Amino acid sequence: RAAVTVGGASFLENDAIAAAIIYAVDNGARILNFSFGSPQFSPLIRDAVRYAADAGVVLVAAVGNEGDEHVFYPARHNECIAVAASDMNGRIMAFSNHGPSVDVAAPGDRIHSLAPGGRYTSLSGTSMSAGHVSGLAAVWLSHFPHLTPLQIRGAIASSSRDVGTAGWDARSGAGIVRVPDQFLQEPLAVQLSIGETTTS
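Below you will find a few notes about this structure. Just so you know, the residues in each chain are numbered from 1, in the order the chain's sequence is written. Totals for whole chains, interfaces and linings use all residues, but because this is a predicted model, local features are given only for residues with pLDDT of at least 70 and pairs of side-chain atoms are given and counted only at 80 or more. Based on all heavy atoms of the structure, the side-chain values leave hydrogens and waters out of the count.

As for the overall build of the protein
Applicable threshold: Numbering of helices and strands runs from the N terminus; a helix is a DSSP stretch of H or I covering at least four residues, while a strand is a stretch of E covering at least two. Here's how the labels work: a residue is buried when its accessible area is under 20% of the maximum for its type, exposed when over 50%, partly exposed in between, all with a 1.4 Å probe on protein chains only. Only heavy atoms enter the contact rule, under which two residues are in contact if any of them lie within 4.5 Å. For the accessible areas, the method is Shrake-Rupley and the probe is 1.4 Å, while residue cover comes only from the protein chains on display.
When its secondary structure is counted, the protein shows five helices and 10 strands. The buried share of the protein, taken over its 200 residues, is 42%. Partitioning the intrachain contacts of the protein with sequence separation of at least 6 by distance along the chain shows that 56% fall at a separation of at least 24. For the protein, the exposed surface amounts to about 10,800 Å²; the carbon and sulfur share of it is 55%.

Concerning the environment of arginine 119
To keep it simple, the criterion reads: Polar contact is the term for a pair of N or O atoms within 3.5 Å; when the atoms are in protein, one must be able to donate a hydrogen and the other to accept it, and sequence-neighboring residues count only if both atoms are side-chain atoms.
By the element assignment, arginine 119 lies in strand S8 (residues 119-123). With sequence-adjacent residues up to four places away left out, arginine 119 is seen in contact with Ser113 and Leu114. Within the structure, arginine 119 has its side chain in polar contact with the backbone oxygen of proline 116 (distance 3.3 Å).

Details of the side chain of aspartate 109
Topologically, aspartate 109 is positioned in the loop between strand S6 (104-107) and strand S7 (111-115). Accessibility expressed as a relative area gives 11% for aspartate 109, which makes it buried. Within polar-contact distance, the side chain of aspartate 109 engages the side chain of arginine 110 at 3.2 Å. In this structure, aspartate 109 is in contact with Ser86, Asp87, Met88, Met93, Leu123 and Ser124, ignoring residues within four places of it in sequence.

A look at the sheet that holds strand S4 (residues 58-62)
Our working definition: Strand pairing is assigned whenever DSSP identifies at least 2 bridges connecting the two strands. Angles shown run from 0 to 180 degrees and are taken between the N-to-C directions of axes, each axis being a line fitted to C-alpha atoms and, for helices, limited to the stretch in contact.
The parallel open sheet is built from four strands, whose spatial order is S3-S4-S5-S6. Both outer strands of the open sheet, strand S3 (31-34) and S6, are each paired with one neighbouring strand and no more. Across the sheet, the axes of successive neighbouring strands diverge by a mean angle of 30 degrees, strand direction being ignored. For S4 and strand S5 (residues 80-86), the ladder comprises four bridges, and the chain directions are parallel. Across the sheet, residue leucine 59 finds its bridge partner in S5, namely cysteine 80. The strands that helix H2 (residues 43-54) touches are S3, S4 and S5; relative to S4, the one it contacts most, it runs at about 140 degrees. Strands S3, S4, S5 and S6 of the sheet are contacted by helix H3 (residues 126-143), whose axis makes an angle of about 125 degrees with S5.

Brief notes about the nonpolar core
Selection rule: Put simply, a nonpolar core is a bunch of buried Ala, Val, Leu, Ile, Met, Phe, Trp, Tyr and Cys residues held in one set by side-chain atoms that sit within 4.5 Å of each other.
If you look at the biggest cluster of nonpolar residues, it comprises 25 residues, and the most contacted ones within it are Ile21, Leu32, Phe34, Ala52, Leu59 and Val63. Put simply, the parts of the chain that give this core at least two residues each are helix H1 (14-26), S3, H2, S4 and S5. Examining the composition of this core, we find that five residues originate from one element, H1, more than from any other. Apart from the residues within four sequence positions on either side, leucine 59 is in contact with Leu32, Phe34, Val49, Ala52, Ala53, Glu79, Cys80 and Ile81. Formed by 18 residues, the second largest nonpolar core is a distinct cluster that contains Ala62, Ala137, Ile156 and Val177.

Notes on the pattern of salt bridges
Stated precisely, the cut-off is as follows: We define a salt bridge as a contact between a side-chain nitrogen of Lys or Arg and a carboxyl oxygen of Asp or Glu at a distance within 4 Å.
One pass over the full model with this rule turns up five salt bridges. A salt bridge links aspartate 87 to arginine 91, with the nearest nitrogen and oxygen atoms 3.0 Å apart. Taking the shortest distance from any N to any O, the salt bridge between arginine 153 and aspartate 103 comes out at 3.0 Å. Note that arginine 153 is positioned in helix H4 (residues 149-158) and aspartate 103 in the loop between S5 and S6, a separation of 50 residues in sequence. Judged by its relative accessible area of 18%, arginine 153 is buried.

Quick word on the pairing of S8
Relative to S8, S7 runs antiparallel, the two sharing five bridges. Looking at the pairing, isoleucine 111 lines up with leucine 123 of S8. Here S7 folds back onto S8 in antiparallel fashion, the turn holding three residues, of which glycine 117 has a positive phi close to 85 degrees.

Section: the side chain of serine 38
The topology assignment puts serine 38 in the loop between S3 and H2. Of the polar contacts made by the side chain of serine 38, one reaches the backbone nitrogen of glutamine 40; its length is 3.0 Å.

Scope: geometric values only; no functional claims are made or implied.
Dropping the structure here:
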């Protein structure tokens, strides 16, 4: 029952994570965000990740915050979009892990985040970056619901802004993600239905 780190301070058991992945897939999730990770390989989580990928779920994962060449699992699995962290000036954060598994980077510096007790706080890390990419994947799927996870990965990578060494590199992958102009020109409207009350 090995544990993985969440947010640098909390821990989850591998069997609980695998069960959560399977539950989400079986209940219709189309995108799973893994803002957690471990340097240790887990056969159980690998199998759960493959289960989700085989079901056509987009998988996004944080690469870890140790600043070394060991991208965390599950980001290191080929099925996941592995996300590094960038700062407000478009530079890759020094703490962001790097290596051949990195696909893209996203903002991970002082991100306004929820905290226990209904509060807000400012957090930095690749966990925040992964959340940005999961949100971008949701935007793509909302406009093109029939895209496969591989096509979503390609769309996100090809629309990213290249930084650092020209082309793909081990710190930023294909670059820092961007929302394509076509989506900004026609923003989505969200409608929530709660009982008999509808709000927009």
